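Chain residues, written in single-letter form:
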Amino acid sequence: MPRPEVLERIKTAESEADDIVAEAEADREERIADARQEAEEIRQQAEEEAREYESERLEEAREEIEEEREAVLEEGESERRRLIEEAESNVEEAVEYTIDRFEEAVNAQT
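Where an unreviewed UniProt entry is consulted, the protein appears under the name ATP synthase archaeal subunit H, with the organism given as Halogeometricum salsisoli.

Set out below in structure tokens:
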């Protein structure tokens, strides 16, 4: 093979190699851009899921707190009624005690 043909073939091969490298670099850049976009989408989805989870847990906690509040109020109301009943049952006894003490004081003075 004559020398000019060899040189031409070498130049052609180098040009093809440059094209292959450029294509590979472009493909690499495109893959990197796609991967970054996919990573951003995954991050956004994860953030949205986290916000939804947080909202659900907050609502569950509010419901639990409301249930506990209602239970405490019911217990307090029950205790209040019990104390009223107990106090009302002691009124007659307290009146009798007071009258007895008053009569004793009056009799002691006479």
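Turning our eyes to something else, we now look at a nonpolar patch on the surface. Side chains of Val 6, Leu 7 and Ile 10 sit close together on the surface and give an oily, nonpolar patch of about 240 Å² of accessible area. Mapped onto the fold, Val 6 is located in helix α1 (residues 3-109). On the basis of relative accessible area, Val 6 is assigned to the partly exposed category, the value being 33%.

Turning next to α1. Given a rise of 1.5 Å per residue, 107 residues ought to cover 159 Å, and the 151 Å separating the end C-alpha atoms of α1 matches this to within 8%. At Val 91, α1 is bent by approximately 35 degrees, the largest bend along its length.

A contiguous patch of negative charge on the surface is contributed by Glu 14, Glu 16, Asp 18, Asp 19 and Glu 23. Along the chain, Asp 18 falls in helix α1. For Asp 18, a relative accessible area of 53% puts it in the exposed group.

Tracing the backbone through its elements, the reader meets Arg 101 in helix α1. Distance in space between the C-alpha atoms of Arg 101 and Glu 52 is 71 Å, their sequence separation being 49 residues.

The subject of this paragraph is the pattern of salt bridges. This model, assessed by the stated rule, comprises 13 salt bridges. Here Arg 43 ties to Glu 40 by a salt bridge, and the two come within 2.3 Å at their closest N and O atoms. With Arg 43 and Glu 40 both in helix α1 and three residues apart, this pair spans about one turn of that helix. Its relative accessible area of 32% is what places Glu 40 among the partly exposed residues. A salt bridge links Glu 104 to Arg 101, with the shortest nitrogen-to-oxygen separation between them at 3.6 Å. Linking Glu 104 with Arg 101, this pair stays in helix α1, spanning three residues, or about one helical turn. Note on Arg 101: relative accessible area 47%, which makes it partly exposed. Among the charged side chains, a network of salt bridges with common partners joins Glu 40, Arg 43 and Glu 47.

Rules of the game
- Residues numbered from 1 in each chain as written.
- Predicted model: local features only at pLDDT ≥ 70, side-chain atom pairs only at ≥ 80, totals over all residues.
- Heavy atoms only, no water.
- Patch = residues over 30% accessible without salt bridge, like charges linked within 9 Å, V, L, I, M, F, W, Y side chains within 5 Å.
- Areas by Shrake-Rupley, 256 points an atom, 1.4 Å probe, with all protein chains shown as cover.
- Salt bridge = Lys/Arg side-chain N within 4 Å of Asp/Glu carboxyl O.
- Helix = DSSP H or I, 4+ residues; strand = E, 2+ residues; numbered from the N terminus.
- Buried < 20%, exposed > 50% of the residue type's maximum accessible area, 1.4 Å probe, protein only.
- Expected span 1.5 Å × (residues − 1).
- Bend = angle between axes of the 7 residues up to and from the residue.
- Lys, Arg positive; Asp, Glu negative; His and termini not counted.
- Charge placed at Lys NZ, Arg CZ, Asp CG, Glu CD.

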